[in-house]
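Each chain, written out:
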Amino acid sequence: MWVVLKTGLLVLAVLLVQACSVSRKAAVYEPAGEPTKEAYYYFIKGVAAKNSNDLKQALSYFERALEEDPGSVYLRIEVSRALLKAGRIDDALSIAEGLVERGPDHIPSLTLMGELYSSKGEYKKAADMYEKVIKLDPSNVESYMLLSHLYSISREYSRSLKMLKTAVELEPDNTVLKYYMGRIYVELQDYNEAIKILEEAKETGMRFVPVYFFLGLSYEQTGNFTRAIKIYEEAVSLDYHGAHSTHDDHIRERLVNLYIDNKMNEKAILQLKEIMKNSPEKIEPRMLIAGIYAGSGEYQKAMDELRNVIDIDPENVKAVYSLSGILVELEKYDDAIEQFMKLKKLLPGQADIYMDLSFLYAQKKDYVSARRMLKDGLTIDPTNVELNFRLAVIYGQEKRFDDMFDRLKKTLNIDPDHIDALNYLGYSYAEKDMNLDEALYLIEKAVRLAPDRGYIRDSLGWVYYKKGMYDKALKEISRAAEMMKDDPVILEHLGDVYLKLNDWKAALDAWERSLKYHESEKGLKDRVREKIDSIRIGETGQQ
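Residues numbered from 1 in each chain as written. Predicted model: local features only at pLDDT ≥ 70, side-chain atom pairs only at ≥ 80, totals over all residues. Heavy atoms only, no water.

A. Representation of the overall build of the protein chain. Each helix and strand in the protein chain was counted, giving 30 helices and 0 strands. Looking at the protein chain as a whole, 47% of its 543 residues qualify as buried. In the protein chain, the share of contacts with a sequence separation of at least 24, taken over all contacts with a separation of at least 6, comes to 49%. Carbon together with sulfur atoms contributes 49% to the accessible area of the protein chain, which is approximately 27800 Å² in total. (Helix = DSSP H or I, 4+ residues; strand = E, 2+ residues; numbered from the N terminus. Buried < 20%, exposed > 50% of the residue type's maximum accessible area, 1.4 Å probe, protein only. Contact = heavy atoms within 4.5 Å. Areas by Shrake-Rupley, 256 points an atom, 1.4 Å probe, with all protein chains shown as cover.)

So this is what it looks like as structure tokens:
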């Protein structure tokens, strides 16, 4: 059977029992004589009902079978197990205690008691039962496994390993025993030992999927990604005779991560599609495929996958956000706005969405709508510092400078250390040739808070320029130009400072570099061209 394992070391004790292949004779004290046909009939009916999870009916049949054969120990064990499965642990324990009282050395009864105590969380009592079994039958591999399981619960890994090593001596080719040893080494982060024992488990020939998963994981942890990929690929190529394991999906997910890390995108997509085939309801594989396509610039394919996700789950915020991001990248602002409007409905109290919408409208130069979005956001969160700051910027773009100054001051009242607000207000004062001392104070504070931001150093240099302090201006703007080598505004400012210092050649060089990088509106480029032309005309006049 293919076993679905949960995260962590512990698994169902049932697996331990089923995996054990011990051939032994247990001490039994059944009464002499064959069971009656009636008892056998009800027993078979009970087993069928139990396998169908009809526990109430199963118990009814087992009890009828006991009426026909009241001395049957085996039937009492089956009734106890059915009660355990139905959650009636105390009733199950009562029957098991009676069995142990009648037969203190009866191994199946002692094993049952161990299971029941374990189900109640009474691990010490459970361990005592398994230790009794081992004393009675030192070759009982099942009890070593169950005892190891209990020790692992309390993180007594050395004792757990000791039990498993003893069991392996009894059954050297037992895949599951070696698997659990490997799992413990993984828990102990002893990945080299885990690899050694899990490789042995793999070579036993049993197609036990979890062995491949933890073996690949151990190779990953030791940095041997090539071997990890090989192990995972071998696992997913196994013939399961039509069966599917959830653990198989986990292996495919590990493979996907390794493929992506190694730029093997096509292989990653194939594995993700296999996961989707096995689990069509899963959204995450589709999101990953979209991410792979977007990362390689295949935006249309990425958008197709994201739209598929949204068709399946119209309220999937992550998918809508991702689709919006691609549309922004493609400068399809109207389509992006449509997606963000969906987000606004899905997340009605999320003020940041209004910020995103404002940005999109501003990209279209629709400042009225941009301003409206920000004001709508501020009705939800009036003290949101970014919404306030962004509104100030929009006012500036609309040339509503009084409103801009008021909103910047409000932003700084909310957050006196807001770096961009300090810089924006100080630089705006300098541009207007007003409040230059306050502008200097604001930008010096911004520089202290963010000394490595070139555009803020440029602002500081520009205030010095406006105050006629050209040597200081040159120092700061030169530093800014080093930090942001291709910024056209900083290079234009650098040229302006050089002109004031009568270094026409350096000014011309700075402005020409500024023109090279200028991608903004035509008016700004024309301004730089006029400065270049004025220098060249001056040179011609001198000649």
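And the narrative resumes.
B. Main features of helix α17 (residues 299–312). Look at α17: 20 Å from first C-alpha to last across 14 residues, which is about the 20 Å you get at 1.5 Å a residue. Listed as buried for α17 are Ala 302, Met 303, Glu 305, Leu 306, Val 309 and Ile 310. Looking straight down α17, one finds its buried side chains confined to an arc of 160 degrees; they lie on one side. Against α16 (284–295), α18 (317–329) and α19 (333–346) lie the buried residues of α17. (Expected span 1.5 Å × (residues − 1). Arc of directions from axis to C-beta.)

C. Geometry of the nonpolar core. Ranked by size, the top nonpolar core spans 166 residues in total, and within it Leu 198 and Ile 251 carry the most contacts. With residues up to four places along the chain from it excluded, the contact list for Ile 251 reads Val 209, Tyr 212, Phe 213, Tyr 232, Ala 235 and Val 236. (Core = buried A, V, L, I, M, F, W, Y, C linked by side-chain atoms within 4.5 Å.)

D. Fine view of the packing of helix α7 (residues 123–136) against helix α8 (residues 141–153). One can describe the packing of α7 onto α8 by two numbers: an axis separation of 9 Å at closest approach and a directional angle of 155 degrees. Considering their axes alone, α7 and α8 lie roughly antiparallel with respect to each other. α8 is crossed by α7, and the crossing has left-handed handedness. Taking contact as the criterion, the partners of Tyr 123, Ala 126, Ala 127, Tyr 130, Glu 131, Val 133 and Ile 134 in α7 are, on α8, Ser 143, Tyr 144, Leu 146, Leu 147, Leu 150, Tyr 151 and Ile 153. (Axes fitted to C-alpha atoms, helices over the stretch in contact; angles between N-to-C directions. Parallel < 35°, antiparallel > 145°, perpendicular 65-115°, else oblique. Left-handed = near helix turned anticlockwise from the far one by under 90°.)

E. Layout of the layout of surface pockets. Approximately 1600 Å³ is the volume attributed to the largest pocket. Taken together, 38 residues make up the lining of the largest pocket; nearest its centre are Gln 397, Tyr 424, Tyr 427, Glu 431 and Leu 524. When residues of the lining of the largest pocket are traced back to their parent elements, those giving at least two are α20 (352–363), α22 (385–397), α23 (401–414), α24 (419–431), α26 (454–466), α28 (488–500) and α30 (522–542). The dominant element in the lining of the largest pocket, judged by the number of residues it contributes, is α24, at 6 residues. In the lining of the largest pocket, the residues fall into 15 nonpolar, 9 polar and 14 charged. (1 Å grid on protein atoms, 1.4 Å probe; cavity = no way out; pocket = protein on both sides within 12 Å on 5 of 7 lines; lining within 4 Å. Points joined across faces, edges and corners; volume = space filled by probe spheres on them. Nonpolar A, V, L, I, M, F, W, Y, C, P; charged D, E, K, R; others polar.)

F. Here's a closer look at the environment of Gly 349. Looking at the element boundaries, Gly 349 is found in the loop between α19 and α20. Using a relative accessible area of 57% as the deciding quantity, one classes Gly 349 as exposed. Taking the C-alpha atoms as reference, Gly 349 lies 6.8 Å from Ile 380; in sequence the two are 31 residues apart.

G. Summary view of the pattern of salt bridges. The full count for this structure, using the stated rule, is 34 salt bridges. Two residues, Glu 234 and Lys 202, come together in a salt bridge whose shortest N-O distance is 3.4 Å. You can see Glu 234 sitting in helix α13 (residues 225–236) and its partner Lys 202 sitting in helix α11 (residues 191–203), a full 32 residues away along the chain. When its relative accessible area of 28% is taken as the criterion, Glu 234 is described as partly exposed. With relative accessibility at 10%, the residue Lys 202 sits in the buried group. (Salt bridge = Lys/Arg side-chain N within 4 Å of Asp/Glu carboxyl O.)

H. Examining the packing of helix α4 (residues 73–85) against helix α6 (residues 107–119) more closely. Their axes nearest at 11 Å, the elements α4 and α6 cross at an angle of 10 degrees. Relative to α6, α4 is oriented roughly parallel. In this structure, α4 contributes Val 73, Ile 77, Ser 80, Arg 81 and Leu 84 to the contact, and α6 contributes Pro 108, Ser 109, Leu 112, Glu 115, Leu 116 and Ser 119. Considered class by class, the residues forming the contact of α4 with α6 number 6 nonpolar, 3 polar and 2 charged.

I. Main features of unusual backbone geometry. For Asn 53, which is not a glycine, the phi torsion comes out positive at approximately 65 degrees. You can see Asn 53 is positioned in the loop between α2 (37–51) and α3 (55–68). A relative accessible area of 54% means that Asn 53 is categorised as exposed. Even without being glycine, Lys 263 reaches a positive phi, approximately 60 degrees. With respect to the helices and strands, Lys 263 occurs in the loop between α14 (246–261) and α15 (265–278).

J. Quick peek at the environment of Pro 416. As for its placement among the helices and strands, Pro 416 is situated in the loop between α23 and α24. Once you skip the residues sitting within four places of it in the chain, Pro 416 turns out to touch Leu 422 and Lys 445.

K. Main features of the side chain of Lys 445. One can find Lys 445 in helix α25 (residues 436–449). With near-sequence residues (within four places) excluded, Lys 445 lies in contact with Pro 416, Asp 417 and Leu 422.

L. The arrangement of the confidence of the model for the protein chain in detail. In the predicted model, the protein chain carries a mean pLDDT of 87, and the fraction of residues at 70 or more is 90%. Considering only residues more than four positions removed or in separate chains, one finds that residues 1–33, a stretch of pLDDT under 50, has 70 contacts. (pLDDT = per-residue confidence, 0-100.)

M. Structural detail: the packing of aromatic side chains. Scanning all chains against the criterion turns up 12 aromatic pairs. Relative to Tyr 180, the ring of Tyr 179 lies with its centre 4.9 Å away and its plane at 65 degrees, an arrangement referred to as edge-to-face. Accessibility classification places Tyr 179 together with Tyr 180 in one group, the buried group. Relative to Phe 214, the ring of Phe 213 has its centre 4.9 Å away and its plane inclined at 85 degrees; by these criteria the two rings are edge-to-face. Like Phe 214, Phe 213 is buried. By way of ring pairs, the aromatic residues Tyr 179, Tyr 180, Phe 208, Phe 213 and Phe 214 are connected into one cluster. Over the ring of Phe 401 we find Lys 432; its NZ or CZ atom is 3.5 Å from the centre of that ring. (Phe/Tyr/Trp six-rings, centres within 6.5 Å; stacked < 30°, edge-to-face > 60°. Lys NZ or Arg CZ within 6 Å of the ring centre and 35° of its normal.)

N. Layout of the side chain of Lys 178. Mapping Lys 178 onto the fold places it in helix α10 (residues 175–187). A residue is classified by how much of its surface remains accessible, and Lys 178, at 9% relative accessible area, is buried. Side chain to side chain, Lys 178 and Glu 200 meet in a polar contact 3.4 Å long. Not counting the four nearest positions on each side in its chain, Lys 178 is found in contact with Val 168, Pro 172, Ile 197, Leu 198, Glu 200 and Ala 201. (Polar contact = N/O pair within 3.5 Å; in protein donor to acceptor, adjacent residues only side chain to side chain.)

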